[in-house]
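# Geometric and topological summary
Okay, here's what each chain looks like letter by letter:
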Amino acid sequence: MKRITILLAALLAAAVPTEARKAKKFVHETVEIPSVEPQVIAVETENTQLLLGVLGNRQVVIRHYGQPVANPSQFLEFNGVAAEAYPAAGGTFMGEPALHVKYADGTHNTELRYVGHKVESASGVAKTTIQMKDYVTGLQVNLIYEAYRKENVISAHTEILNPGKKAVGLENYASALMRLEGDDFLLTHFHGGWAYEMQTSREMLDFGTKVIESRRGTQATQTENPSFMVSLGKEFSETSGAVVAGALAWSGNFRIAFERDETGRLNILGGISPFASAYPLAGGASFETPAMLWTYSAEGAGGASRNLHRWARNYGIYGGGAVNPTLLNSWEGAYFTFNTSTLTGMIDDAAAMGLEMFVLDDGWFGEKYPRNSDRTSLGDWEPNTSKIPEGIDYLASYAHERGLKFGIWIEPEMVSGVSVLAETHPEWVVQSPGRQLYEARWQWVLDLSNPDVQDFVFGIFDRTMQLAPGIDYIKWDCNRPIYSFGSTYLGNEQDRFYVEYVQGLYSVMRRIREKYPKVLVQCCSSGGARVDYGAMKYCNEFWTSDNTDAISRVRIQYATSMIYPACAMASHVSAVPNHQSGNITPLKMRFDMAAAGRLGMELQPKNLTPEERALADRCIKSYRGFRDVVFGGDLYRLTDPYDSDYYAFMYVSEDKSKAVVFAFCLRYQNRATGGHPFALQGLDPSRSYKVTEQNVDSSCWWGNGKSFTGDFLMSGSAFNPVLHQTNASAIFVLEG
Ligand code: GLA
């Protein structure tokens, strides 16, 4: 007791200022932020509207995203809870920051305030730039929203400028934030793994933060795609419910956070992952974030997908919407074991089957270390003359003479442990001092943050194009993620690595496109590990998955179709038992599934029976007759394969004169139920369509060969093909 009394007395004495200890008057100078007249900035497309409010204190907030309101200025007096459009760490903000800057003096506070804005309109696209700055440090941020009118897509990204002399550290630098009002939000996102990409996951978002992300460096989309759909309400279906879909156009580490804050509203923040990437922004330098794409639809998931697909065909995919050739790829038919006559035999068969291109996959290169397995040779991109003594130009002209285009595989970002390149340029390998160089598929990643490596990688593409006149197609592969990241080039600025790897990749791709605007490029990464709108700016299509099994492809292609269009989705018919899943499926089902995207074959045609060859010829021919609708039409998903025993969907041409319907039976059906009725969608109700089932002698639908009006076919009872058996499938072409 005595000790406590003494302690209290001492504390009281310390609290009472003596003359000598009297505090100086507390003076804190504050930078004045002049107030401004509030206003509403509308970013609009035909059927959607994003309203941003400028408050009197110059904060820029999100007021609304969704269905357009006729008079946005009514929001001027609205006093609801505001969410900043691009919240920075600092001031009174305490949530997930879009921007977090560490300044040279060690401080972390940024408060972005409105400076001005401008709108520039070009055909079909209106670009709104909102200039903001931090009044204390002078840091400038431009929020850029590009509204694609007809496609109902808004692309949002940010420019961050450091006008000062000293470098600042960007700890977080998201592309954009979206604020959604509501009580319930159902999130759909896409997870997976190798040969198991794009699996659909659905969950109600509760309070707190749900994150989808990748820290794989390369192969960023293998385990989670940087895209999603979220409902404004408890539910959404293919045809109903308000849905917001988003996708980040970036091929590296990403982070999309869904934060239900204490108000219960949802803030979606998407951008480059800040993981190990506090980006140093030098004085006078600027940083541009990748685009976050947003779309809203009041017509459920179907409407949101169609918006993204249209945008992708018109703007998002290199050469988007153009019909890409059918092909035979050598991989699953020959793997590493081939010689010239194996390949010329495949070319002959491809031509005979009516395919349009032959693609020579892995295994054609390496002189000192011939590429006869996946253990060697990446980096040594000269043709293997013992395997193909006649040379690549011989094969290319052999294909061209038979009316086929010619394509070839490269994996330019990689180096095998056993290769001349690894011997000559060990410093180009992604590595961290003193740490093990972990191999994956016996290979390492080249450091694309290094400009010399960028030149080398560009050179691989360039030299491959010179191997033969008129190479038509390059399959660009990338078969491993990055471990123990680090760059010998970046010295003590390793924070730049993940970002500059992707920037280096894009800079190579840009150079390629300047020199080779016409060559078709497939983006592949152990299958679908680089399916994103960042890479698609430079690539005509993506390899959807190494899993070519038609049963597995049901789920993979269903989810892929949520965000990405069929024109970019490569889908191949392969042998059975399937090399990945072991499943045995009918050849017809394999063709019908591949026909839902860019159809190809990936097997040894010599192993097909004469009956199988006849069916193949027929399927390829019929595909060439309707693929214009697959490539350029609107997608309507008729069933959800997660909930239904069927997977059915259709493409409808923009003018609604032609459609193709696909239906797959996933589980054996009770015969007593008769045919299964599907309500077709997207047709012109009053137009008469002739319905023709493809590639069969006797049809599974009673109305085959007859004409019916669109409203009849969309009624939900009339179109009832009989598909009883597991893996039975059908394709119908509708012409009106
Ligand atoms: C990856 C690709 C395949 C094939 C092989 C070749 O796995 O996804 O399609 O090209 O590499 O090694």
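To be clear, the structure that these remarks concern was listed above.
A brief structural summary. All values reported here derive from a predicted model rather than from experimental measurement.

Rules behind the numbers
Residues numbered from 1 in each chain as written. Predicted model: local features only at pLDDT ≥ 70, side-chain atom pairs only at ≥ 80, totals over all residues. Heavy atoms only, no water. Core = buried A, V, L, I, M, F, W, Y, C linked by side-chain atoms within 4.5 Å. Buried < 20%, exposed > 50% of the residue type's maximum accessible area, 1.4 Å probe, protein only. Helix = DSSP H or I, 4+ residues; strand = E, 2+ residues; numbered from the N terminus. Contact = heavy atoms within 4.5 Å. Expected span 1.5 Å × (residues − 1). Polar contact = N/O pair within 3.5 Å; in protein donor to acceptor, adjacent residues only side chain to side chain. Pairing = 2+ DSSP bridges. Near = heavy atom within 4 Å. Nonpolar A, V, L, I, M, F, W, Y, C, P; charged D, E, K, R; others polar. Salt bridge = Lys/Arg side-chain N within 4 Å of Asp/Glu carboxyl O. Phe/Tyr/Trp six-rings, centres within 6.5 Å; stacked < 30°, edge-to-face > 60°. Lys NZ or Arg CZ within 6 Å of the ring centre and 35° of its normal.

Moving on, we get to the nonpolar core. Within the largest apolar cluster, 191 residues are counted, with the highest numbers of intra-cluster contacts made by Leu360, Tyr533, Met601 and Phe662. Ranked by residue count, the leading element in this core is helix α8 (residues 497–515), at 10 residues. Those residues in contact with phenylalanine 662 that lie beyond four places of it in its chain are Asp592, Ala595, Ala596, Phe626, Val630, Tyr647, Ala648, Phe649, Tyr651, Ala730 and Ile731.

It is worth spelling out helix α9 (residues 550–563) at this point. Between its terminal C-alpha atoms α9 stretches 20 Å, which fits the 20 Å expected from 14 residues at 1.5 Å a residue. Of the positions making up α9, those classed as buried are Ala550, Arg553, Val554, Ile556, Gln557, Tyr558, Ala559, Thr560, Ser561, Met562 and Ile563. Here α9 starts with a cap whose side-chain oxygen sits 3.2 Å from the backbone nitrogen of isoleucine 551, and that cap is aspartate 549.

Read from one edge to the other, the open sheet built from four strands follows the order β1-β2-β3-β4, with strand pairing classed as antiparallel. Only two strands of the sheet have a single partner each, and these edge strands are β1 (39–44) and β4 (83–84). The sheet contact formed by β1 and strand β2 (residues 49–54) spans six bridges and is antiparallel. Note that in β2 the partner of glutamate 44 across the bridge is glutamine 49.

Before going further, it helps to examine the site of the ligand. Of all residues adjacent to the ligand, which total 13 residues, the nearest are Asp361, Asp362, Arg441, Lys475 and Asp546. Take aspartate 362: an N or O atom from its side chain is 2.6 Å from an oxygen atom of the ligand. Between the ligand and aspartate 477 there is a distance of 3.0 Å, counted from an oxygen atom to a side-chain nitrogen or oxygen. Considered class by class, the residues forming the shell around the ligand number four nonpolar, three polar and six charged.

All right, on to the environment of valine 722 then. Tracing the backbone shows valine 722 in the loop between α12 (710–713) and β37 (729–735). When the C-alpha positions of valine 722 and threonine 342 are compared, they lie 41 Å apart, and in sequence the two are 380 residues distant. For valine 722, the residues in contact, after removing those within four places along its chain, are Gly675 and Cys700.

Once that is clear, we can look at the side chain of aspartate 261. The residue aspartate 261 is located in the loop between β17 (254–260) and β18 (266–272) in this model. Reaching out from aspartate 261, the side chain makes a polar contact with the side chain of arginine 179 at a distance of 3.0 Å. Polar side-chain contacts of aspartate 261 include one of 2.5 Å to the side chain of threonine 263. In contact with aspartate 261, other than residues within four places in its own chain, are Arg179, Phe207 and Asn267.

Below, the discussion takes up the pattern of salt bridges. Considering all chains together, one arrives at 34 salt bridges under this definition. The residue arginine 402 makes a salt bridge to glutamate 401 at a minimum N-O spacing of 3.7 Å. When its relative accessible area of 62% is taken as the criterion, glutamate 401 is described as exposed. Members of the salt-bridge network, linked through shared partners, are Arg179, Glu181, Asp261 and Arg265.

We now examine the packing of aromatic side chains. What the rule picks out here adds up to 51 aromatic pairs. With a centroid separation of 4.8 Å and 90° between ring planes, the pair formed by phenylalanine 228 and phenylalanine 258 is classed as edge-to-face. Separated by 30 residues along the polypeptide, phenylalanine 228 in strand β15 (residues 224–231) and phenylalanine 258 in strand β17 bring together distant segments of the chain. Exposure remark for phenylalanine 228: the relative accessible area of 0% places this residue in the buried category. Given a relative accessible area of 1%, phenylalanine 258 falls into the buried group. Over the ring of phenylalanine 275 we find arginine 215; its NZ or CZ atom is 4.4 Å from the centre of that ring. If you follow arginine 553 out to its NZ or CZ, it ends over the ring of tryptophan 543, 4.9 Å from the centre.

Time to look at the environment of glycine 53. Of note, glycine 53 is situated in strand β2. Separated by 198 residues in the primary sequence, glycine 53 and serine 251 place their C-alpha atoms 32 Å from one another. Those residues within four positions of glycine 53 in sequence are excluded, and the remaining contacts are Gln39, Val40, Gln59, Val60, Val61 and Arg63.

Right, let's get into the pairing of strand β3 (residues 60–66). Burial of β3 is extensive: seven of the seven residues sit out of reach of the surface. Bridging between β2 and β3 involves six bridges; their strand directions are antiparallel. Looking at β3, one finds that glutamine 49 is bridged to glycine 66. Between β2 and β3, which pair antiparallel and follow one another directly, the connecting turn spans five residues, one of which, arginine 58, has a positive phi of 75°. One ladder, built from two bridges, connects β3 with β4; its direction is antiparallel. Residue isoleucine 62 lies in a different strand from β4, and its bridge partner there is alanine 83.

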